[in-house]
Amino acid sequence: MKPTPEILKQENALAERAAGYWLLGAAVVVLLPHAMRLPVWLSAVLAALFAWRFFMLQRAWPAPNRWWRWLLTVLLVFALYREYGTLFGRDAGSALLAAMLALKFLELQRLRDYVLSVLLIYFLIVIGFLYSQAMWLVVYLLAVFVLTTATLIRLAVPGARARFALRLAAVLLLQALPLMLAMHLLFPRLQGALWGLPQDANAGLTGLSDEMRPGSIQELSLSDDIAFRAHFHGPAPPPAQRYWRALVLWTTDGKNWTRGTDPRGGIAYEALEAPLSYSLTLEPSNKPWLPALDLPVRAPSGTRLRSGFVLEANAPVRERLSLELGAHTRYRMRALGVAERRAALQRPEQISPRVQALAARWRETAGSDAEVVRAALAHFRAEKYFYTLTPPLLGDDPVDEFLFETRRGFCEHYAAAFVTLMRSSGIPARIVTGYQGGEYNPIGNYFIVRQLDAHAWAEVWLPGQGWARMDPTAAIAPERIEYGADSLRRLLARGASLGGAPPEALRDMLALDAFGRARRQLRLSLDAANSAWQRWVLGYNQARQREFLAQLGFENVDPLRLVGLLALLIALVMGFYVIATRRRAPRPDPVQRVYFNFCRKLARSGLVRAPQEGALAFAERGAQQLPQHAAAIQSITRLYIHLRYGGTDNAAQRQLFAHQVASFHPART
Amino acid sequence: MAQGAEAVLGTRQIYILPTRHGLLFVLVLVALALAAVNYSNALAYLLTFLLASMAVVSLLHAQRNLLKLRVTAAGGDPVFAGEPATLRVCLHNDSGARYALRLESAQATVMPFNVPAHDTRCVALSVPTVRRGRLDCPPLTLASVFPLGITRVWSRRMVLPARCLVYPKPAEEAPWQIAAGTEGESRPGVLQDGEDFTGLRTYQPGDAPARISWKTLARGQGLHTKEFRATLAESVWLDWEAFAPHDVETRLSLLCRAVLEAEDSGLAYGLRLPGVVLEPDSGALHRHRCLEALALHEAHA
């Protein structure tokens, strides 16, 4: 049955009065966080459509007619397809949803259209979480959630006041929390995607590359995205020992360094002290390698150790990952395997004569490998090498050009040059990339390691010691290791000379003013809260769920049983509630309670009030049966009727009533 | 069916099912759950759970919105058959406020209304009438989509003892065969006892409808008013037997019109029905008694 235009008009008028502005407001606030991300033209179109809707409400502007709406829809869909190349997936899908919502606003007619818009807004709230799970966003979107729910309430309850709707929405939200928690803990978690992995879910993730070319880490060194957080269960190691290794690069063609094929055969090492233990929470990087402190003790489940003591996950890290790890910071190794020695001595086919001559000179003058290494580090320190984050571009033979001409670079340049020189001197060497340092957060007692802390260093094989970490960057710019990458950047920005400045001068240059300190404090507090949030809320996955259920005594529960358990729990709670409300008889008010007391007294002397007998009729019967108490019965009844039905609430009369009943003793006479 | 002076809505009298919007809501929930699983996004899961939990909690709110409401009904003023009768339905609330209640019967629906905490609200339910007699309050259903519009909670049909009196539908044309006279004597078609009919004059606005000459109007001669010389008779008798050729309902209908006209013209009138005799009198109460007698006349008394 098609409703007549008048009914439609009336329905629309009602819904618009109840929720017109609310719906518009909810749509605008839910899309605000998306605005930065959406293409500029789309944001502009959305703003224009919302403005139109606003004037439809405010100034009774007409809606564009059907043809215009269709044209607009087709144009928008086409433009979105041009922009994204698809209409599905997270990015294109959310843009399409936003556009559909704005277009829907031009043709809101029936209550159903309004409800549909509200549901679309719920959808957009969830989509917001696919982009960021930061805490501030959660707080913001929860507020949007309440507003959206209040809009739904206003549509369902005609004439509901703003305060009433918002309060009821908040009450519903709060009452839903325990149940939500139960679902959160018990709803079976599935690992992996349903319809193939979303290509765009990991777009824009930054992480270390498994290929190093002088200049490639530079991109990372500009990003202050967080790579991971580490929480030590004991005292934290000093900065000079905070080397987080992720990749070992064995193979080079003179320009690029890659992992090559893993050399066969592992190496046993002998720990020189008890391991440190710490927990690591990694941000998704879409890469499998896991930065671990030198040297990782063991591989937790889901990860494995590769040659070179680097830890790797079995699959790229696409969601936040928490690991419990151990590390030996001091160790010794006995013998280098044949395969590893060969890999660690691999050299590009062409090495410039200058480089070869330099290596040969050290070899001749030094008595041992260790002395060659010392000579090389001394060379970097003594000659005019500069640490800079903006090195000049290098050509076909970057090592040669860097060593003898430009002499400017950062960790990658130094590590690559150092390892090339070592291999040319016949010393097994390799490049290690990962992160170095990290910022300590005293509020949460953990280290924040950012992408800008990415670092490359070298390891050489020294007989009797094994693989030894050599950081040529530390020879040029010890501040990089001592103060961290971020401080180094600030020092460079202020034109500090590295490598020789007295520590006091550096500290002065790094000192923050009061405003800077407050900002830092705030940032660290927020990060601590964020980190706790990530540890306890966002990190809840299949593995955690299994752990939790095991603690409850449920081992290996299959998903279907879990759903059954959840349903049972909900049914129990609901059933309990329904029974509780049925059993609870309406509580009599104080006046009625006193009167019931009076009736009980009469019942003891044989006068029982029938359930449907009115107070007056009962009094009449009472006066006949107990003539000696007729006056008292009549008086009490009159007072009762006056108090209960008279509409006046008089404390003195109530007291009198209570007193009369209390001093009424029919049974004793 | 709940029966009695008042209906109290207990848990067994209340039903709940999702509305069409509720089904849409469930659809969105499923889509959200799929997105959460696919992107294995903890907050997407959490929000989906929050929405689902809110829907569950809203069921309790919906049920509580009707629970323990007491419903009473009272008949309104009598009406003539064909006019809508108005029944007053009152909702007595002994606890927290109730929202967006809709009172529904087979023929009518009352717009949503609220009942404040510990208060009573009455609404007028308009019911179409067809036949004379006592109109029983139709079975009523109380419903609501509170709080989110995604569920509809409704009560079992309540039959309340309220009744409304429906007078016969007055005949279009006055019979003007009022039998007048003293004690029992009646001669159909004759006006007498001080009624000195002097003639007709052209109708003027303000003339009593009772004096309109319906016969001349029926003959197509236009509106005329009858003129009498003296004051009207002290009493006329409206007699069942005077309309003998007609069937029962038509007679009642004609008598009804006659009562209305007699009252309007200020006559004292008596009503004689099989088994019922109402002595000549006038005034609103007498008019009501007469019309009531007509309304409740048994066909084969």
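Every value quoted in this text rests on a predicted model; they were computed, and no experiment measured them. (Residues numbered from 1 in each chain as written. Chains lettered and ligands numbered in written order. Predicted model: local features only at pLDDT ≥ 70, side-chain atom pairs only at ≥ 80, totals over all residues.)

Per the secondary structure count, chain B includes five helices and 20 strands. Evaluated residue by residue, chain B yields a buried proportion of 38% over its 301 residues. Contacts spanning at least 24 positions in sequence make up 67% of the contacts within chain B whose residues lie at least 6 apart. (Helix = DSSP H or I, 4+ residues; strand = E, 2+ residues; numbered from the N terminus. Buried ≥ 20, exposed ≤ 12 C-beta atoms within 10 Å, placed from the backbone. Contact = placed C-beta atoms within 7 Å.)

What follows deals with the overall build of chain A. On a plain count of helices and strands, chain A comes out with 24 helices and 20 strands. Looking at chain A as a whole, 33% of its 669 residues are labelled buried. A sequence separation of at least 24 residues applies to 72% of the contacts in chain A between residues at least 6 apart.

Before going further, it helps to spend a moment on the interface of chain B and chain A. Counting residues at the interface gives 41 residues for chain B and 43 residues for chain A. Of all the secondary structure elements, the ones that give two or more residues to the side of chain B that touches chain A are helix 1 (20-38), helix 2 (42-66) and strand 7 (98-104) of chain B. In terms of residues, the side of chain B that touches chain A owes the most to one element, helix 2 of chain B, which gives 16 residues. Taken together, the residues that form the side of chain B that touches chain A break down as 30 nonpolar, nine polar and two charged. (Nonpolar A, V, L, I, M, F, W, Y, C, P; charged D, E, K, R; others polar.)

Here the focus is the sheet that holds strand 10 (residues 303-306) of chain A. Residues and elements named next belong to chain A. Spatially, three strands are ordered 8-11-10 in an open sheet, and the strand pairing comes out antiparallel. Among the strands making up the open sheet, the edge pair consists of strand 8 (289-290) and strand 10. Here strand 8 runs beside strand 11 (residues 310-313); their pairing, made up of two bridges, is antiparallel. The residue of strand 11 that forms the bridge with Trp289 is Glu312. (Pairing = 2+ DSSP bridges.)

This brings us to the nonpolar core. A:Ile125, A:Ile153, B:Ala44 and B:Val259 are the most contacted members of the largest nonpolar core, which totals 135 residues. The element that contributes the greatest number of residues to this core is helix 2 of chain B, accounting for 15 residues. Excluding anything up to four places from it in sequence, B:Ala44 contacts A:Val126, A:Phe129, A:Leu130, B:Leu32, B:Ala35, B:Ala36 and B:Tyr39. Membership of the second largest hydrophobic core comes to 77 residues, among which are A:Ala230, A:Trp244, A:Val419 and A:Tyr435. (Core = buried A, V, L, I, M, F, W, Y, C linked by C-beta atoms within 7 Å.)

For the rest of this paragraph, the subject is the sheet that holds strand 5 (residues 257-258) of chain A. Residues and elements named next belong to chain A. The three strands are arranged 1-5-4 in an open sheet whose pairing can be described as antiparallel. Two strands close off the open sheet at either side, each with one partner strand: strand 1 (211-212) and strand 4 (251-252). Of the pairings in the sheet, the one linking strand 1 to strand 5 comprises two bridges and is antiparallel in character. Looking across to strand 5, one finds that Met212 is bridged to Trp257.

This paragraph deals with the pairing of strand 7 (residues 276-282) of chain A. Residues and elements named next belong to chain A. In this sheet, strand 7 lies alongside strand 2 (residues 226-232) in antiparallel orientation, the contact comprising five bridges. Counterpart to Ala230 in the pairing with strand 7 is Leu280. When strand 7 meets strand 12 (residues 321-327), the two strands line up antiparallel, connected through seven bridges. Each bridged residue has a counterpart across the sheet, and for Leu280 the counterpart in strand 12 is Leu323.

The subject of this paragraph is the packing of helix 6 (residues 135-156) of chain A against helix 7 (residues 162-186) of chain A. All names here are of chain A. Put simply, helix 6 and helix 7 touch, their axes get as near as 8 Å, and they point 115 degrees apart. When the axes of helix 6 and helix 7 are compared, the crossing they make is right-handed. On helix 7, the residues that touch Val146, Thr149, Ala150, Ile153 and Arg154 of helix 6 are Ala165, Leu166, Leu168, Ala169, Ala170, Leu172 and Leu173. Each residue belonging to the contact of helix 6 with helix 7 can be placed in one class, and the counts come to 10 nonpolar, one polar and one charged. (Axes fitted to C-alpha atoms, helices over the stretch in contact; angles between N-to-C directions. Left-handed = near helix turned anticlockwise from the far one by under 90°.)

With that settled, consider unusual backbone geometry. Residue B:Pro147 is bonded to the preceding B:Phe146 through a cis peptide linkage, with omega at 0 degrees. With respect to the helices and strands, the residue B:Pro147 is situated in the loop between strand 11 (141-144) and strand 12 (151-155). Phi is positive for A:Asn445, close to 55 degrees, though the residue is something other than glycine. Mapped onto the secondary structure, A:Asn445 falls in the loop between strand 17 (439-441) and strand 18 (446-450). Its identity as a non-glycine residue notwithstanding, B:Ala100 has a phi of 50 degrees, on the positive side. Accessibility expressed as a C-beta count within 10 Å gives 21 for B:Ala100, which makes it buried.

Let's shift gears to the pairing of strand 8 (residues 109-115) of chain B. Residue and element names in this part refer to chain B. Relative to strand 8, strand 7 runs antiparallel, the two being bridged by four bridges. Residue pairing in the sheet places Leu103 in a bridge with Val110 of strand 8. Taking the residues between adjacent antiparallel strands as the criterion, strand 7 and strand 8 are bridged by four residues.

Residues and elements named next belong to chain A. Taking 1.5 Å per residue as the helical rise, helix 10 (residues 353-365) with its 13 residues ought to reach 18 Å, and the 18 Å between its terminal C-alpha atoms agrees with that figure. Regarding helix 10, the residues found buried are Leu358, Ala359 and Trp362. Angular distribution of buried residues about the axis of helix 10 spans 95 degrees; they occupy a single face of the element. Residues of helix 10 that are exposed and point more than 90 degrees away from the buried face comprise Pro353, Ala357 and Glu364. If you follow the buried residues of helix 10, they end up packed against helix 11 (369-382) and helix 13 (411-424). (Expected span 1.5 Å × (residues − 1). Arc of directions from axis to C-beta.)

Residue and element names in this part refer to chain A. Within the secondary structure layout, Thr251 lies in strand 4. Of the residues examined, Thr251 has 15 C-beta atoms within 10 Å and is grouped as partly exposed. The sequence separation of Thr251 and Ile431 amounts to 180 residues, and the corresponding C-alpha distance is 9.2 Å. In contact with Thr251, other than residues within four places in its own chain, are Trp257, Thr258, Gly260 and Gln346.

As a further point, take the environment of A:Pro300. Along the chain, A:Pro300 falls in the loop between strand 9 (292-293) and strand 10. If we skip the residues at most four places from it in the chain, A:Pro300 touches A:Leu323, A:Glu324 and A:Leu325.

Averaged over every residue, the pLDDT of chain B is 81; the share at 70 or more is 84%. Interface predicted TM-score (ipTM) for the complex: 0.75; the corresponding pTM is 0.63. (pLDDT = per-residue confidence, 0-100.)

Residues and elements named next belong to chain A. Look at helix 1 (residues 5-35) against helix 6: their axes get within 9 Å of each other, and the N-to-C directions meet at 165 degrees. Overall, the two elements helix 1 and helix 6 adopt an arrangement that is roughly antiparallel. Remark: the crossing between helix 1 and helix 6 carries left-handed chirality. Contact with helix 1, carried on its side by Ala15, Ala18, Ala19, Trp22, Leu23, Gly25, Ala26, Val29, Val30 and Pro33, involves Leu137, Tyr140, Val144, Leu147, Thr148, Ala150, Thr151, Arg154 and Leu155 of helix 6 and no other residues of that element. Tallied by class, residues from the contact of helix 1 with helix 6 come to 15 nonpolar, three polar and one charged. (Parallel < 35°, antiparallel > 145°, perpendicular 65-115°, else oblique.)

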